[in-house]
Amino acid sequence: MKAFFHKDQLEFHPKFEWALGNRIKHPETTKRAQNIFRKLKAESWIELAEPPKIPLKAIRDNHNYQLITLYNTAMELADEEAYYPSVFPQRAKAKADPTNINHAGFFCFDSGTPLNNKTWQAASWSAASSYYAAKSVLAGDPVSYALSRPPGHHASRDTYGGYCYFNNAAIAAKVLRTKGRVALVDIDFHHGNGSQEIFYKSDDVFVASIHGDPREYFPYFCGFPSEQGSGAGLGHNLNVILPTGTKWPAYKKALRTVFLNAVKRFEPDFLVISAGFDTYKLDPIGRFALETADYKKMAKEFDALKLPTVICQEGGYFTRDLGDNVVSFLSGFKDRK
Ligand SMILES: [Zn+2]
């Protein structure tokens, strides 16, 4: 199995975030990716590959000009400087100027996702990992993994947040949709609001997310079962909420009875998995209680669909066990021919 990762994804170091008024150590560290990389390297059946540069068009297909411009503006920040918006304008959107870093709040929805002069570099290499993972599946690989860090599923066409800048899974889905119907399934603890928004009106990409209750957990404003798509996309968006503390038996039941049945009804040609591991029992942010061995069982449920599959890394913040959880998940696809 190919696993895509570029070392410049490690150039970005968010140091802290504002959480409920407190300045805390940023959970989305480079150590996360390094831990995963080290564990992948120890597995002989995993072939690590460094992606080439992503064509700018692939990013533009997914994100608007203003968001891309803002990340370019951030490249002018001094080293060690990080910009956290403190104003999030709800009005006068027409005045938003992405060449002015002080307008970043127009394009951002939280205070945990800083910009600095390396954001563009790391985020575009992360996008490259998922783009080329999708390309490899189009070229005939049955399953491919992108160690996409920074993660992506909270980023929409014109907004960043939730530690996400470019929506890596959506970029992969757009590569695959040129050749068929795509199911984008999100197993991160948090609702994939960006992916939902990007494909909300699409009839060729089905988005399904299984997550903690957004009344209690990030992103708070969406991820509810009533959100089912609109226009041509009506019926092509699914949100499944599970209670705090969910363990594998209850997770599996929801996965089989609701989630996977809906995916099958859509009759996709390809599968993209937004693979977050903050559903792990020790995760400091997520509040489910899955074990390392459960990720292999979960992967086998997806593997049974027998679809060409791209797996994109999302969250997972208990760094010590993160690589083991990723390898456990990937091993569920190991026997695919
Ligand atoms: Zn998450």
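As the structure is a computational prediction, the values presented were derived from the model and not from experiment.

*Asks:* Would you explain the packing of helix H1 (residues 30–41) against helix H9 (residues 319–331) in this entry?
*Replies:* Two quantities define a packed helix pair, namely the angle between the helix axes and the distance between the axes. Two elements in contact, H1 and H9, have axes separated by 8 Å at closest approach and are oriented at 45°. Relative to H9, H1 is oriented oblique. You can see that H1 and H9 cross each other, and the crossing is right-handed. Residues Lys 31, Arg 32, Asn 35, Ile 36, Arg 38, Lys 39 and Leu 40 of H1 touch H9, and the partners they reach there are Thr 319, Leu 322, Gly 323, Asp 324, Val 326 and Val 327.

*Asks:* It is not clear to me how the sheet that holds strand S1 (residues 2–4) should be interpreted in this structure. Could you clarify?
*Replies:* Strand-to-strand pairing in sheets goes through backbone hydrogen bonds, with the strands running parallel or antiparallel. Pairing within the open sheet is parallel, and its 8 strands lie in the order S4-S1-S5-S10-S9-S6-S7-S8. If you trace the sheet from one side to the other, it starts and ends with strand S4 (47–49) and strand S8 (237–242), each paired once. Looking at each pair of strands side by side, their axes are set apart by 20° on average, direction ignored. As judged from the 4 bridges shared by strand S5 (residues 143–146) and strand S10 (residues 309–313), these two strands associate in the parallel manner.

*Asks:* I would appreciate a short explanation of unusual backbone geometry in the present structure.
*Replies:* Trans is the common state for peptide bonds, and a negative phi is the common state for residues other than glycine. In this model, Arg 149 is joined to Pro 150 through a cis peptide bond whose omega is 0°. Position of Pro 150 among the secondary structure elements: in the loop between S5 and helix H5 (168–176). Of the consecutive residues Phe 218 and Pro 219, the connecting peptide bond is found in the cis state with omega at 5°. Position of Pro 219 among the secondary structure elements: in the loop between strand S7 (205–212) and S8. Here the phi dihedral of Ala 92 falls at roughly 55°; this positive angle occurs in a residue that is not glycine. Mapping Ala 92 onto the fold places it in the loop between helix H3 (65–74) and helix H4 (119–138). Judged by the 8 C-beta atoms lying within 10 Å of it, Ala 92 falls in the exposed class.

*Asks:* Can you help me understand H9 in this one?
*Replies:* Residues separated by three or four positions in an α-helix point in the same direction, a consequence of the helix having 3.6 residues per turn. In this model, H9 (13 residues) spans 19 Å end to end at C-alpha, consistent with the 18 Å of a helix rising 1.5 Å per residue. Considered for burial, the residues of H9 that qualify are Leu 322, Gly 323, Asn 325, Val 326, Ser 328, Phe 329 and Leu 330. Summarising the contacts, the buried residues of H9 are in contact with H1, S5, strand S9 (270–275) and helix H8 (292–303).

*Asks:* I tried to follow the packing of H4 against H5 on my own but got confused; where do I start?
*Replies:* Contact geometry of H4 with H5 gives a least axis separation of 8 Å together with a crossing angle of 30°. Relative to H5, H4 is oriented roughly parallel. Handedness of the crossing formed by H4 with H5: right-handed. Contacts from Ser 126, Ala 127, Ser 130, Tyr 131, Ala 133, Ala 134, Lys 135, Val 137 and Leu 138 of H4 reach H5 at Asn 168, Ala 169, Ile 171, Ala 172, Val 175 and Leu 176. Per-class residue counts for the contact of H4 with H5 are 11 nonpolar, 3 polar and 1 charged.

*Asks:* What is the right way to look at H5 in this model?
*Replies:* Burial analysis of H5 places 9 of its 9 residues in the buried class, which makes it a mostly covered element. Residues Asn 168, Ala 169, Ala 170, Ile 171, Ala 172, Ala 173, Lys 174, Val 175 and Leu 176 constitute the buried set of H5.

*Asks:* Please clarify how the environment of Tyr 295 should be interpreted in this entry.
*Replies:* Within the secondary structure layout, Tyr 295 lies in helix H8. C-alpha of Tyr 295 to C-alpha of Pro 98: the two residues are 197 residues apart in sequence and 40 Å apart in space. With sequence-adjacent residues up to four places away left out, Tyr 295 is seen in contact with Leu 290, Asn 325, Ser 328 and Phe 329.

*Asks:* How should I be thinking about the environment of Leu 70 in this particular structure?
*Replies:* By secondary structure assignment, the location of Leu 70 is in helix H3. Taking the C-alpha atoms as reference points, Leu 70 and Glu 291, 221 residues apart in sequence, are found 39 Å from one another. Residues within four places of Leu 70 in sequence aside, it is in contact with Pro 98, Ala 104 and Phe 107.

*Asks:* Teacher, can you tell me more about the nonpolar core here?
*Replies:* For soluble globular proteins, nonpolar side chains are generally found buried alongside one another. Counting 91 residues, the largest nonpolar core has Tyr 131, Ala 172, Leu 184 and Val 272 as its most contacted members. With 11 residues, the top contributor of residues to this core is H4. Excluding anything up to four places from it in sequence, Tyr 131 contacts Ile 54, Ala 58, Ile 171, Ala 172 and Val 175.

*Asks:* Help me understand the pairing of strand S6 (residues 182–186), please; the structure alone is not making it clear to me.
*Replies:* Successive side chains on a regular strand alternate, one facing one side of the sheet and the next facing the other. Extensive coverage of S6 is indicated by the burial of 5 of its 5 residues. Burial of the side chains of S6 extends over both faces: Val 182, Leu 184 and Asp 186 are buried on one face and Ala 183 and Val 185 on the other. The parallel pair S6 and S7 is bridged by helix H6 (residues 193–198), and the resulting crossover is right-handed. Bridge count for S6 against S9 is 5 bridges, and the pairing is parallel. If you follow Val 182 over to S9, its bridge partner there is Phe 270.

The rules behind the values
- Residues numbered from 1 in each chain as written.
- Predicted model: local features only at pLDDT ≥ 70, side-chain atom pairs only at ≥ 80, totals over all residues.
- Axes fitted to C-alpha atoms, helices over the stretch in contact; angles between N-to-C directions.
- Helix = DSSP H or I, 4+ residues; strand = E, 2+ residues; numbered from the N terminus.
- Parallel < 35°, antiparallel > 145°, perpendicular 65-115°, else oblique.
- Left-handed = near helix turned anticlockwise from the far one by under 90°.
- Contact = placed C-beta atoms within 7 Å.
- Pairing = 2+ DSSP bridges.
- Buried ≥ 20, exposed ≤ 12 C-beta atoms within 10 Å, placed from the backbone.
- Expected span 1.5 Å × (residues − 1).
- Nonpolar A, V, L, I, M, F, W, Y, C, P; charged D, E, K, R; others polar.
- Core = buried A, V, L, I, M, F, W, Y, C linked by C-beta atoms within 7 Å.
- Right-handed = clockwise from strand over helix to strand, strands pointing away.

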